[in-house]
Amino acid sequence: MCFSVHAIESMFPNCLLQSCATDESDHCPLQLGLNDVQPAKARFHFEAFWPSLDGFQEVVAAAWASEAVSHCPFDTLARKFRTLVRKLQSWSQKKVGHVNSQLALAREVLHQLEIAQDSRELSRLELWLKNKLKPHSLALSSLQRTIARSRSRIGWLKEGDANTSLFHAHARHRKRKNFIAKITTVEGTILTKHEEKEQHIFDFYNSLLGSSTDREMTVNLAELDMPNIPLHDLEVPFSEEEVWKTVKALPPDKAPGPDGFTGRFYKVCWQIIKVDIMAAISAVWSRKFTNFELLNSAFVTLLPKREDASSIKDYRPISLVHSFAKLVTKILANRLAGYLNQLVSPNQSAFIKGRFILDNFMLVQHTTKFLHQQKQARILLKLDITKAFDSVSWPFLLEVLNQLGFGQIWCDIISGLLGTSSTQVLLNGSPGEKNLSSARP
């Protein structure tokens with residue numbers, strides 16, 4: 001029997017066909033899961049082609065102005081985002097509709113008119129309809145390719161390709177690759193039900209994040225000879241020019257967070273939204289974080305590190321942050337970038353602009369060669385340091401920042417960002433109902 005994966009996925013979107021590993025044969029068994037893909041509530045996603053459609057700016061302006069401004073800029077911004085989501089979804093349904101159905105209908109009508117033209121002369125109205133449908137079909141085909149390309153997330157192809165099947169194939173491959181069909185626990189139990197997998201992932205990361213405990217001892221940071229430099233420039237108020245420069249540098253169509261808005265939205269609608277955005281950013285600088293949790297949510301989604309991923313440690317957690325919180329942290333990161341060379345020791349050769357992680361490998365090679373030349377007994381230790389930011393004590397983090405020279409405004413902003421954050425696990429496109437531990441005093 002021959003299986004066509006693409007055909008099966010198109011005909012049965014809620015089923016999943018996967019290959020299974022075997023040690024006893026060179027044949028690969030196939031496992032067909034019925035109703036494995038649970039239809040989740042569709043999340044809002046700002047479409048990249050919307051700004052090119054007529055009436056887009058008018059819809060955004062009307063929706064944005066329909067919500068009254070309250071005394072809390074975070075509450076105002078959250079309400080405007082929610083209203084805009086509803087208006088854009090309604091406008092898109094009326095303006096665009098179901099592209100595939102419209103295109104199929106237009107092509108069928110054109111086909112019937114061409115058949116009729118072979119046997120008789122078309123009437124004036126039929127000729128008018130035929131001439132109208134041809135450019136309409138071309139426009140729908142172009143829109144279909146644009147949507148398919150956006151779904152495929154192909155980043156290496158810039159312009160000039162119109163291979164819709166390629167985009168669909170990439171989108172299907174990405175969906176199949178990232179789909180978590182089962183998870184194996186530490187005890188060897190295989191979890192296949194969505195609720196069981198979700199609970200297992202939640203328990204794992206909730207225990208990893210941990211909870212705050214009182215420290216019996218502390219570290220005398222003054223004795224560690226840490227750099228202490230003046231960082232007063234980090235605490236000047238945020239200007240509109242600085243924020244706009246950051247907005248222009250945002251990637252246009254990266255995976256959005258819970259709100260669904262991307263960098264493209266901020267760029268094309270800046271003149272409409274900038275007053276409310278700047279009011280909220282000014283509130284961040286003033287450290288008035290009441291209701292900031294409305295704009296500081298995130299999803300954690302898991303991507304496989306290898307093809308045969310089975311346990312939860314075989315997946316890499318990726319955080320999808322709310323667009324406004326992402327903008328705030330990007331502004332802070334841009335300010336801090338100029339001081340990193342002074343704050344971070346030269347021994348740290350990665351994640352700093354102008355430094356290269358390969359320098360460490362060269363250093364190890366030269367050190368090993370030197371030790372061999374000494375002809376004395378030596379020991380080289382390779383330490384595997386766990387990524388500990390998710391479980392680090394926040395009070396200790398703030399102590400380190402103070403010791404390095406960060407001022408009170410900067411530390412308060414960091415505390416506000418950390419203390420108001422909330423995170424949900426996103427499993428196979430469906431967000432969980434529980435929030436991971438976030439607030440550690």
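Residues numbered from 1 in each chain as written. Predicted model: local features only at pLDDT ≥ 70, side-chain atom pairs only at ≥ 80, totals over all residues. Heavy atoms only, no water.

Things to note about the nonpolar core
Grouped together as the largest cluster of nonpolar side chains are 67 residues, with contacts concentrated most on Leu88, Phe265, Phe324 and Phe406. Counting residues in each nonpolar core, the second largest holds 14 residues, with Leu209, Ile312, Val425 and Leu427 among its members. (Core = buried A, V, L, I, M, F, W, Y, C linked by side-chain atoms within 4.5 Å. Buried < 20%, exposed > 50% of the residue type's maximum accessible area, 1.4 Å probe, protein only.)

Examining the packing of helix 2 (residues 56-65) against helix 3 (residues 73-95)
As a packed pair, helix 2 and helix 3 sit with axes 8 Å apart at the nearest point and diverge in direction by 140°. With respect to their mutual orientation, helix 2 and helix 3 come out oblique. For the crossing formed where helix 2 meets helix 3, the hand is right-handed. Two secondary-structure elements touch here, helix 2 through Phe56, Val59, Val60, Ala63, Trp64 and Ala65 and helix 3 through Leu77, Lys80, Phe81, Thr83, Leu84, Lys87, Leu88 and Trp91. Classifying every residue of the contact of helix 2 with helix 3 gives 11 nonpolar, 1 polar and 2 charged. (Axes fitted to C-alpha atoms, helices over the stretch in contact; angles between N-to-C directions. Helix = DSSP H or I, 4+ residues; strand = E, 2+ residues; numbered from the N terminus. Parallel < 35°, antiparallel > 145°, perpendicular 65-115°, else oblique. Left-handed = near helix turned anticlockwise from the far one by under 90°. Contact = heavy atoms within 4.5 Å. Nonpolar A, V, L, I, M, F, W, Y, C, P; charged D, E, K, R; others polar.)

Brief notes about the environment of Leu336
Within the secondary structure, Leu336 sits in helix 11 (residues 323-337). The spacing of Leu336 and Leu234 is 102 residues in sequence and 7.1 Å in space, taken between C-alpha atoms. If we skip the residues at most four places from it in the chain, Leu336 touches Leu234, Leu343, Phe406 and Trp410.

Considerations on the sheet that holds strand 7 (residues 422-427)
Reading across from one edge, 6-5-7-8 is the order of the 4 strands in this open sheet, with mixed pairing throughout. Of all strands in the sheet, those with a lone pairing partner are strand 6 (315-321) and strand 8 (430-431), marking the two edges. Of the strand pairs in this sheet, strand 5 (residues 297-304) and strand 7 are connected by 5 bridges, and their pairing is parallel. Along strand 7, the bridge assignment pairs Ala298 with Thr423. Across the face of the sheet, helix 7 (residues 194-209) comes into contact with strand 5, strand 6, strand 7 and strand 8 while running at roughly 140° to strand 7. (Pairing = 2+ DSSP bridges.)

Describing the packing of aromatic side chains
The full count for this structure, using the stated rule, is 19 aromatic pairs. Note on Trp244 and Trp270: the rings are 5.7 Å apart at their centroids and 20° apart in plane angle, and the pair reads as stacked. With Trp244 in helix 8 (residues 240-249) and Trp270 in helix 10 (residues 270-285), this pair connects stretches of sequence that are 26 residues apart. Judged by its relative accessible area of 3%, Trp270 is buried. Here the aromatic rings of Phe265 and Tyr266 are separated by 5.5 Å at their centres, their planes lie at 80°, and the arrangement is edge-to-face. In this pair, the class of Phe265 matches that of Tyr266, namely buried. Among the aromatic residues, ring-to-ring pairing joins Phe44, Phe46, Trp50, Phe56, Trp64, Phe81, Trp91, Phe261, Phe265 and Tyr266 into one connected group. (Phe/Tyr/Trp six-rings, centres within 6.5 Å; stacked < 30°, edge-to-face > 60°.)

Structural notes on the pattern of salt bridges
If you walk through the whole model with that rule in mind, you get 10 salt bridges. The partner of Glu242 in a salt bridge is Arg335, with the nearest N and O atoms 2.7 Å apart. Taken together, the positions of Glu242 in helix 8 and Arg335 in helix 11 put the pair 93 residues apart, joining distant regions of the chain. Glu242 sits in the partly exposed class, given a relative accessible area of 21%. Through salt bridges with shared partners, a single network forms among Glu67, Asp75 and Arg79. (Salt bridge = Lys/Arg side-chain N within 4 Å of Asp/Glu carboxyl O.)

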